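Now for the letters of each chain:
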Amino acid sequence: MPVPLSEAPEGVELRVVSIDARGWGIVRRLLEIGLTPGTVVKVVSRAPGPIIVEVRGARFALGRGHARRVMVEVLGGARV
């Protein structure tokens, strides 16, 4: 079952299912860093402040508002 990236556990592989955003600016930013449906990502840190995600070997900081727009599913049977 898909969950927002902002709620996903740290250190677990996730697959991007969809991006639920209406503003072109948000969608563009997410696409530019490689958060496209089907992409495997990992949350590196959910500490206070921006969420750090690893996408295709690169790390990016995402604000929680942006991270709430990315729906992901956990790979490998881990639970959220």
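This text follows the structure it describes.
The rules behind these values
- Residues numbered from 1 in each chain as written.
- Predicted model: local features only at pLDDT ≥ 70, side-chain atom pairs only at ≥ 80, totals over all residues.
- Heavy atoms only, no water.
- Core = buried A, V, L, I, M, F, W, Y, C linked by side-chain atoms within 4.5 Å.
- Buried < 20%, exposed > 50% of the residue type's maximum accessible area, 1.4 Å probe, protein only.
- Helix = DSSP H or I, 4+ residues; strand = E, 2+ residues; numbered from the N terminus.
- Contact = heavy atoms within 4.5 Å.
- Pairing = 2+ DSSP bridges.
- Salt bridge = Lys/Arg side-chain N within 4 Å of Asp/Glu carboxyl O.

Q: What am I meant to see in the nonpolar core here?
A: Buried together is how nonpolar side chains tend to be arranged in soluble globular proteins. In this structure, L5, L35 and V72 are the most contacted members of the largest nonpolar core, which totals 17 residues. Of all the secondary-structure elements, those providing two or more residues to this core are β2 (13–19), β3 (40–45), β4 (51–55) and β6 (70–74). Considering every element that reaches this core, the biggest residue donor is β4, with three residues. Excluding anything up to four places from it in sequence, V72 contacts M1, P2, V3, P4, L5, A8, L14, R15, V16 and V17.

Q: For this particular structure, what's the right way to read the pairing of strand β5 (residues 58–62)?
A: The side chains of a regular strand alternate between the sheet's two faces. Two strands pair when backbone bridges link them, and β4 and β5 are joined in this way by five bridges, in the antiparallel orientation. When the sheet's bridge partners are listed, V53 is paired in β5 with F60. Connecting β4 to the antiparallel partner β5 that follows it, the hairpin turn spans two residues, and R56 within it adopts a positive phi of roughly 50°.

Q: What should I look at first to understand the pattern of salt bridges in this one?
A: When the charged atoms of two side chains lie near each other, side chains of opposite charge can form a pair. According to the stated counting rule, one finds three salt bridges in the structure shown. With a closest N to O distance of 3.1 Å, E32 and R28 form a salt bridge. Of the two residues, E32 and R28 are both situated in helix α1 (residues 24–32); the distance of four residues between them amounts to about one turn of the helix. With a relative accessible area of 56%, E32 lands in the exposed category. You can call R28 partly exposed: its relative accessible area is 46%.

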